[in-house]
Amino acid sequence: MSRHSLTLSTVLLSSGLSFCAVSFASPKDVSDGFADGVQAMDAADLNNDGFGDVLAVCGGKHANSSIFAWFEAPGSIQGVWHRHDINPDHPLRSFLGSCALADFDSDGDMDLAVSSDNHSGSVKEADVYVFENPGPAAVAGTWSYHRVTESTQPWHHINDMCVDDMDGDGKPDIICRSLEPNTIHIFFQNSLTDWVRRSIDTGIAQSEGLATGIVDADMLPDIAFTGYLLQSPSLPRTGSYTKAAIDGEYHTVNQNTKEAIGDIDGDGDNDVVISPAEAYRNGGNAALAWYANPGTGGTEWQQHVLVPSTNDIHQVHLADFDDDGDVDIITGRCFSSLETRIYYNDGAGAFGSPQTLSDSRGLYSSTMIDIDGDGDIDITGIEDYAGGVAPLVYENLFYPPTSAHVDLNLVKMTIIPTTNRHSGFDMLGRRMPSLRGRRAYCLPGSSRAQGIRASGMVIVAQKRAGSPPTRLFMLDRCSWVR
């Protein structure tokens, strides 16, 4: 059978049911051996050609070399990728522990947010920057940068970063977490050169873990971290965030976590996955589990255990790998025994024995995105922390690759929350499938999507004004789910 054939294998669930495990191609090193150490990565279409490109950053700490570049995707994942340095004269330090791609200036291309610090040691210095994409014609050249932190901060070890519109003003904001002090920092954007910081003490010393997503009914993103939830106030810049327990005992067993937010059980509200991420700093074995949202007025999150006792699960994401309309769970183990697994969802939040994608490579930093525009979600990531690792892409073979991209000739794109209330900009372009045509604009939502049960946001693409929707996509804030 050829590599591009539709290849499925049946896996027996512990419940007696079965599902089709998706086949993936062998991992492709998009750096072609150039990268010899990566600390963080992300992926998005950086040159607006319809293909997902891969970003890799490393300041050199615990690595064999440094890198600050993006790799341009060819027409096929298995083809030759081209490296472009972002800015050789960047001001970044030795630990680039987190990064995120988003259209911060709303000009139709994806910019880069990156943290910079010393990781550890006697000198605490940290900054966050945005590197501005110069646009498709000049994207292979130098990206200018703008400071996000008002000045260098006395912090160590920023290892978590999200981008979300925290205050609903239509501008993407940056959320990150420093290890010392153990604080969640929200940078509200006024403009690309003007940011307002709000820092919230976690109450847990030297802890990791962060995810954002709409968890309650106010349609403003909340923050999940290490078994807790910071619920957004109506005025996120000035109001008080409410700290509520998802699993208030989790951090007493392992205070190093990774989280993912999405509608796992298909009931219309977003749930939370928690994994034990590291065996350091009070890092005992703990459960890999997802927690069902109790809904409006509820306070008790119901735990659903995938693995009763495990550790070093440094990545957890939600994405629909088998295109059956629900989100699956992918995990990556690092540090000790490297491993990547996919847990397939039956649509109601039941999972059985996982598919082992690799028993020799994990995921330390990763992104789920349709790289080649063939309609299925591919996996991009680095297999372990820093030293000797390279950015890899696992091509999803669920759908055969297409010879041409879908041309929707977009006139408009409407973003509609599942409540059918318009919430404005939600990182337009991030994790986009391959859509070509005229620039897409955010317009007020309508009730036409009423009755669609989606995870997060529903995207309605139209060919011309007044025409019926051409395609629908659902966003779970980790990846676009077709």
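What you see is a predicted model; the values in this text were computed from it and never measured.

Asker: An account of the overall build of the chain is needed here, citing residue identities and associated values.
Answerer: When helices and strands are tallied, the chain shows one helix and 37 strands. When the 482 residues of the chain are sorted by exposure, 61% land in the buried category. The contacts of the chain with a sequence gap of at least 6 include a subset with a gap of at least 24, amounting to 55%. Looking at the chain as shown, the accessible area adds up to about 17200 Å², and 48% of this sits on carbon and sulfur atoms.

Asker: Account for the sheet that holds strand S24 (residues 302-310), with residues named and values stated.
Answerer: The sheet built from four strands is open, its strands ordered S21-S22-S23-S24 with antiparallel pairing. The open sheet has two free edges, formed respectively by strand S21 (257-262) and S24, since each of these has just one partner strand. Each strand of the sheet is rotated relative to its neighbour by a mean of 15°, with strand direction disregarded. The sheet contact formed by S21 and strand S22 (residues 271-276) spans six bridges and is antiparallel. Residue pairing for S22: alanine 260 is matched across the bridge by valine 273.

Asker: An account of the environment of alanine 113 is requested, with residue identities and associated values reported.
Answerer: Of note, alanine 113 is situated in strand S10 (residues 111-117). Spatially, the C-alpha atoms of alanine 113 and tyrosine 145 are 9.4 Å apart, while their sequence positions differ by 32 residues. Excluding residues that lie within four positions of it along the chain, alanine 113 makes contacts with Ser98, Cys99, Ala100, Phe104, Tyr129, Val130, Met161 and Ile174.

Asker: I'd like a description of the pairing of strand S7 (residues 67-72), backed by residues and values.
Answerer: In terms of burial, S7 is largely enclosed, as five of its six residues are buried. Pairing analysis gives five bridges linking strand S6 (residues 53-58) to S7, with the strands arranged antiparallel. For alanine 56, the partnering residue across the bridge sits in S7 and is alanine 69. Pairing between S7 and strand S8 (residues 82-85): four bridges, direction antiparallel. Paired with alanine 69 across the bridge in S8 is aspartate 85.

Asker: For the pattern of salt bridges, give the residues involved together with the corresponding values.
Answerer: According to the stated counting rule, one finds 15 salt bridges in the structure shown. Close ionic contact of aspartate 127 with arginine 93 constitutes a salt bridge, the shortest N to O distance being 2.7 Å. Placement of aspartate 127 in strand S11 (residues 126-132) and of arginine 93 in the loop between S8 and strand S9 (99-102) is noted, with a sequence separation of 34 residues between them. For the pair aspartate 127 and arginine 93, a shared accessibility class is recorded, and that class is buried. Salt-bridge contacts for lysine 124 lead to glutamate 180; the nearest nitrogen and oxygen are separated by 3.4 Å. Highlighted residues: lysine 124 in the loop between S10 and S11 and glutamate 180 in strand S14 (residues 173-180), separated in sequence by 56 residues. Residue lysine 124 is classed as partly exposed on the basis of its relative accessible area of 38%. Residues participating in the shared-partner salt-bridge network are Asp160, Glu208, Lys258, Glu278 and Arg281.

Asker: Describe the sheet that holds strand S17 (residues 211-213), with residues and values.
Answerer: Sheet strands pair by backbone hydrogen bonding; their relative direction is either parallel or antiparallel. Pairing within the open sheet is antiparallel, and its four strands lie in the order S17-S18-S19-S20. The outermost strands of the open sheet, each flanked by one partner alone, are S17 and strand S20 (242-245). Pairs of neighbouring strands in the sheet enclose a mean axial angle of 25°, with direction left out of account. Pairing between strand S18 (residues 222-225) and strand S19 (residues 228-231): three bridges, direction antiparallel. Counterpart to alanine 224 in the pairing with S19 is leucine 229.

Asker: Just give me the short version of the packing of aromatic side chains, but keep the residues and values in it.
Answerer: Inspection of every chain in the model, using the stated rule, returns 11 aromatic pairs. Ring centres of phenylalanine 398 and tyrosine 399 lie 4.9 Å apart, and the angle between their planes is 90°; on these two criteria the pair is classed as edge-to-face. Relative accessible area serves as the criterion here: at 25%, tyrosine 399 is assigned to the partly exposed category. Aromatic rings pair up to connect Phe68, Tyr129, Phe131 and Tyr145 into one cluster. Residue placement shows lysine 243 over the ring face of tyrosine 228; its charged tip is 4.4 Å from the ring centre.

Conventions we followed
Residues numbered from 1 in each chain as written. Predicted model: local features only at pLDDT ≥ 70, side-chain atom pairs only at ≥ 80, totals over all residues. Heavy atoms only, no water. Helix = DSSP H or I, 4+ residues; strand = E, 2+ residues; numbered from the N terminus. Buried < 20%, exposed > 50% of the residue type's maximum accessible area, 1.4 Å probe, protein only. Contact = heavy atoms within 4.5 Å. Areas by Shrake-Rupley, 256 points an atom, 1.4 Å probe, with all protein chains shown as cover. Pairing = 2+ DSSP bridges. Axes fitted to C-alpha atoms, helices over the stretch in contact; angles between N-to-C directions. Salt bridge = Lys/Arg side-chain N within 4 Å of Asp/Glu carboxyl O. Phe/Tyr/Trp six-rings, centres within 6.5 Å; stacked < 30°, edge-to-face > 60°. Lys NZ or Arg CZ within 6 Å of the ring centre and 35° of its normal.

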